[in-house]
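A structural walkthrough
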Amino acid sequence: MDHAFNREIRYWHWSLAPRFRGGGRDVRDSHLPFTAAPRALRAPVLAGNRLVGAMACRHGARQMWKGSMLMRLRQTLIGLGGLALVTACGEPAEVPAADAAPPAEAPAANILELSAPGMYFEGPSTIPSGWVTVKFGNPSGMVHFAMLERLPEGITIEDQTREVPPHFQGGFDALAAGDVDAAMAEFGQLPAWYGDMVFLGGPGLIAAGGTGEATVFLEPGRYSIECYVKSAGVFHTYDPGTGERAMLHELIVTEEDGGGVEPEASVTLSVDNAGIHIAEGAFTAGPNMVRVNYDEQMVHGNFVRSDVHVARLTPDTDLAALDAWMDWRAPHGLETPAPVEFVGGLNEMPAGSHGYFTLDLEPGDYALIGEVDGPAEKGFFVAFSVGGE
Ligand SMILES: [Cu+2]
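Calculation notes
Residues numbered from 1 in each chain as written. Predicted model: local features only at pLDDT ≥ 70, side-chain atom pairs only at ≥ 80, totals over all residues. Helix = DSSP H or I, 4+ residues; strand = E, 2+ residues; numbered from the N terminus. Buried ≥ 20, exposed ≤ 12 C-beta atoms within 10 Å, placed from the backbone. Pairing = 2+ DSSP bridges. Axes fitted to C-alpha atoms, helices over the stretch in contact; angles between N-to-C directions. Core = buried A, V, L, I, M, F, W, Y, C linked by C-beta atoms within 7 Å. Domains from an automatic or database assignment. Contact = placed C-beta atoms within 7 Å. pLDDT = per-residue confidence, 0-100.

Tallying secondary structure elements over the chain gives 9 helices and 18 strands in all. The buried share of the chain, reckoned over its 389 residues, is 48%.

Quick look at the sheet that holds strand β15 (residues 341-346) now. The 4 strands are arranged β15-β14-β17-β18 in an open sheet whose pairing can be described as antiparallel. In this open sheet, the two edge strands, each paired with only one partner strand, are β15 and β18 (381-386). Strand-to-strand twist of the sheet, defined as the mean angle between neighbouring strand axes without regard to direction, takes the value 25°. Note: strand β17 (residues 364-369) against β18, 6 bridges, orientation antiparallel. When the bridges of β18 are listed, tyrosine 366 appears paired with phenylalanine 384.

As a further point, take the nonpolar core. Counting 82 residues, the largest nonpolar core has Val143, Ala146, Ile225 and Phe342 as its most contacted members. Per element, the largest residue contribution to this core is 5 residues, and it comes from strand β3 (residues 126-137). Residue-level mapping places this core at the junction of two domains, with at least three residues from each of domain 1 (2-92 + 155-193) and domain 2 (111-151 + 199-386). Setting aside its immediate chain neighbours within four residues, valine 143 contacts Leu205, Ile206, Ala207, Ala208, Val229, Thr336, Pro337, Ala338 and Phe342.

Our next topic: the pairing of strand β4 (residues 147-150). Both faces of β4 are covered, namely the face carrying Met147 and Glu149 and the face carrying Leu148 and Arg150. Looking at chain direction, β4 and strand β7 (residues 221-226) are connected through 4 bridges and run antiparallel. For leucine 148, the partnering residue across the bridge sits in β7 and is isoleucine 225. With 2 bridges connecting them, β4 and strand β5 (residues 198-199) associate as antiparallel partners. Following the sheet pairing, glutamate 149 is matched in β5 by phenylalanine 199.

A few words on the pairing of β3. Here 5 bridges tie strand β1 (residues 111-118) to β3, and the two strands are oriented parallel to one another. In the sheet register, leucine 112 faces β3, and the bridge partner there is valine 134. Where β3 meets strand β10 (residues 248-257), 4 bridges bridge the pair, whose relative direction is parallel. In the strand pairing of β10, isoleucine 127 is matched with valine 253. Bridge count for β3 against strand β6 (residues 211-218) is 8 bridges, and the pairing is antiparallel. Residue glycine 137 lies in a different strand from β6, and its bridge partner there is threonine 211.

Our next topic: the environment of tyrosine 294. With respect to the helices, strands and loops of the structure, tyrosine 294 is situated in strand β13 (residues 286-294). Each C-alpha atom of the pair tyrosine 294 and glycine 352 lies 5.7 Å from the other, and the pair is 58 residues apart in sequence. The contact partners of tyrosine 294, leaving out residues within four places of it in the chain, are Val271, Met349, Pro350, Ala351, Gly352, Ser353 and His354.

This brings us to the environment of tyrosine 120. With respect to the helices and strands, the residue tyrosine 120 is situated in strand β2 (residues 120-122). Judged by C-beta crowding, with 17 C-beta atoms within 10 Å, tyrosine 120 ranks as partly exposed. Separated by 127 residues in sequence, tyrosine 120 and methionine 247 have C-alpha atoms that sit 4.7 Å apart.

The next point concerns the confidence of the model for the chain. Taken over all residues, the pLDDT of the chain has a mean of 75, while the share at 70 or more is 69%. Predicted confidence for residues 100-106 stays below pLDDT 50, and this span has 4 contacts to residues more than four positions away or in other chains.

On to the environment of alanine 338. Take alanine 338: it is sitting in the loop between α8 (319-325) and β15. It is 10.0 Å that separates the C-alpha atoms of alanine 338 and isoleucine 206, two residues lying 132 residues apart in sequence. Residues contacting alanine 338, with those up to four places away along its chain left out, are Val143 and Trp325.

Here it is as structure tokens:
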């Protein structure tokens, strides 16, 4: 029962809550306190500290989660439930162990060239498995990222596009209107399989005109790549009815071994529920290979899990504005343009897993920052400087 609830928590992943707008129902304008729904929902979300265990729970009462979710969410929303208890199922996540031995061969790369020329991705739809390096170019005029998500067995990106966003949208529109019953009915129509999605990194926020590179281990399977930055209040993931997928891009990872080799890090970060930490090494001017160990994982008040992005700071940077921007719930939060230049990062991954991203740094001031609610207060803001030689 409890790992069913863990799946519920992942329903709050906002990559698939495409927008907050429409016909005067923009939550930012709504009379429903915009903060009310998220705050009310925070209890189940915070109960997700054991989320990672759930990620491994692919068996069990798949069809039972929905009723459990609705019951618990309702309890929380009406203030009767309090914090729900969550027990991890204790199975290993379907990601490589942190200490998986890298091949001893000379470095090789299995490269996926990906571009975002606009509010869409361009790139291959297949890639051999193993360590995959996503080289992400962003020639658009917008901030984007590229998150990798493994779809459950038998589920296609068409399924994802068709079955999930409409219900998230409808549900949250209803919450924004203060109609909890209607929201529950809408969430009740979400497909059971969504709880089996696994989020596996990919390049973090990249400024317009920039490039990013991330390396993660991908098992064979069906994946999607997505960006849920907003433009004018609309998440990039949202398909506005054109029949296009917006920023959802299918990727099939084949059985063939791509021969990619795990990178060697020059800097290692650890991410736990207390924030982002520089665990080993130091940033330097020029190229840096950054390893991120996701030692713990949790779902934050803005319904997303811990991740790492890198912002370049200048004397003009408004740190308060940056802090607020990282929370999509804020007015213009996670909406392009950003108040800073983002130069790299690695999207969320399950606890116990790790990935890499590159940074090519000029001398100056930077910050590691998480796309979470109130990153500075939660330890997800770490400033650092790189000196000139
Ligand atoms: Cu985008």
